[in-house]
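Below, each chain spelled out in residue letters.
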Amino acid sequence: MKKRVIITTVVSFVLLVAVVLAGLNAIFTVTSVRAQFHAYSAEGDREARELQEKLDAFIDSSIVFLELDEVKARVDEYPCFRLESVKKHFPDKLELRITERKEAFAYSADDGTFEILDEQGGYLYRKDANVNRMGGENILLNGFEFSVESGEVQGEYFTELVGVFESLRSVLAEVRTNVLSIALVHGGNAAQNDYIRIFMREGVVIQINNPQERAQEKAMKAISRYAGKGEYEGKGLTDKQLVTGVLTVVDALDELILDYHVN
């Protein structure tokens, strides 16, 4: 008799839980998926519409039991999109904020294709041609030897190069508007003799000597002088200087020395 009471109690509890869960599922069901997209290219607009359709598949799902990792996986299918945030708004809404990652840099792969990076140096994908989604070409990286493992770029001076990217982005409104290409040059057996050259569209070249040391600071100093910003506010290169010559940054003990000269 006691055993029968226990079984009845357990069954009743299970039924009660099932009823409660069914009720929650009925009340907390996704009725809309609101994705706020920030797209910059026509391709980004097209992918945003396509992705929205895939996200709408979560409608009628239980918002209680919906795993946000499933939502993130849908966004991850589009490398050019970055998921800035995703939130459940009870009782029935899912909200996302998604930004298109801008193509900015490219380097040649062994098979003649191009590996594409975003403005922060994050890996995007491989393309047959160095063509930017927004038109024109990406900034070409020459002389660097990089590899991609699990979606991460690795290689000599890559960390320093990302620091250079950050300095360029902090001063220039749109880096591709001003920069054509960036090259690594090995100056000899010693790494101290290596240098990075940034080829600007007007013609002037920015040279960062010994980039293994303070590359980001050196780039900031040079690009500030180029644009007349920061410590060089109102003292940018003249029109004549912009079309020729080399703007070099070198180490001098704890000081960075900036020099402009014509080849």
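Residues numbered from 1 in each chain as written. Predicted model: local features only at pLDDT ≥ 70, side-chain atom pairs only at ≥ 80, totals over all residues. Heavy atoms only, no water.

Trainee: Help me out: how do you make sense of the packing of aromatic side chains in this one?
Mentor: A ring pair, where both rings are aromatic, is described by two values, the distance of the centres and the angle of the planes. Counted by the stated rule, this structure contains seven aromatic pairs. Measuring from ring centre to ring centre gives 6.1 Å for Tyr 78 and Phe 81, while their planes differ by 40 degrees; the resulting arrangement is tilted. Overall, the relative accessible area of 5% leaves Tyr 78 in the buried class. Judged by centre distance (5.4 Å) and plane angle (80 degrees), the ring pair of Tyr 107 and Phe 146 falls under edge-to-face. A residue pair is termed long-range when its members are at least 10 positions apart, and Tyr 107 in strand β4 (residues 103–108) and Phe 146 in strand β8 (residues 146–149) qualify at 39 residues. The same class applies to Tyr 107 and to Phe 146, which are both buried. Through pairs of rings, three or more aromatic residues link up here, namely Tyr 107, Phe 144, Phe 146 and Phe 158. When the ring centre of Tyr 40 is taken as reference, the NZ or CZ atom of Lys 102 above it lies at 4.5 Å. (Phe/Tyr/Trp six-rings, centres within 6.5 Å; stacked < 30°, edge-to-face > 60°. Buried < 20%, exposed > 50% of the residue type's maximum accessible area, 1.4 Å probe, protein only. Helix = DSSP H or I, 4+ residues; strand = E, 2+ residues; numbered from the N terminus. Lys NZ or Arg CZ within 6 Å of the ring centre and 35° of its normal.)

Trainee: I'm lost on the environment of Asp 194 in this one. Help?
Mentor: With respect to the secondary-structure elements, Asp 194 resides in the loop between β10 (179–185) and β11 (195–200). According to the relative accessible area criterion, Asp 194 is buried, its value standing at 4%. Residue contacts for Asp 194: discarding those within four places in its chain leaves Tyr 157, Val 185, His 186, Gly 187, Gly 188, Ile 208, Asn 209, Asn 210 and Pro 211. At 3.3 Å, the side chain of Asp 194 forms a polar contact with the side chain of His 186. (Contact = heavy atoms within 4.5 Å. Polar contact = N/O pair within 3.5 Å; in protein donor to acceptor, adjacent residues only side chain to side chain.)

Trainee: I tried to follow the nonpolar core on my own but got confused; where do I start?
Mentor: A general tendency of soluble globular proteins is for nonpolar side chains to be buried together. In terms of nonpolar packing, the biggest core is built from 38 residues, with Leu 141, Ile 182, Ile 198 and Tyr 226 touching the most fellow members. Looking at this core, the elements with two or more residues in it are β4, β7 (139–142), α4 (158–171), β10, β11, β12 (205–209), α6 (215–227) and β13 (246–252). Examining the composition of this core, we find that six residues originate from one element, α4, more than from any other. Contacts of Tyr 226, omitting those with residues within four sequence positions, involve Leu 172, Asn 178, Met 200, Glu 202, Val 204, Ile 206, Gly 236, Leu 237, Leu 242 and Leu 247. Counting residues in each nonpolar core, the second largest holds 17 residues, with Val 30, Ile 63, Leu 66 and Leu 96 among its members. (Core = buried A, V, L, I, M, F, W, Y, C linked by side-chain atoms within 4.5 Å.)

Trainee: I tried to follow the packing of α4 against α6 on my own but got confused; where do I start?
Mentor: To characterise two packed helices, one gives the angle between the axes of the helices and the distance between these axes. Two elements in contact, α4 and α6, have axes whose closest approach is 8 Å; the angle formed by their N-to-C orientations is 30 degrees. In terms of axis orientation, α4 runs roughly parallel to α6. Crossing handedness for the pair α4 and α6: right-handed. From α4, Glu 160, Gly 163, Val 164, Glu 166, Ser 167, Leu 168, Ser 170 and Val 171 reach across to α6, where they touch Ala 215, Gln 216, Ala 219, Met 220, Ile 223, Ser 224 and Ala 227. Counted by class, the contact of α4 with α6 contains eight nonpolar, five polar and two charged residues. (Axes fitted to C-alpha atoms, helices over the stretch in contact; angles between N-to-C directions. Parallel < 35°, antiparallel > 145°, perpendicular 65-115°, else oblique. Left-handed = near helix turned anticlockwise from the far one by under 90°. Nonpolar A, V, L, I, M, F, W, Y, C, P; charged D, E, K, R; others polar.)

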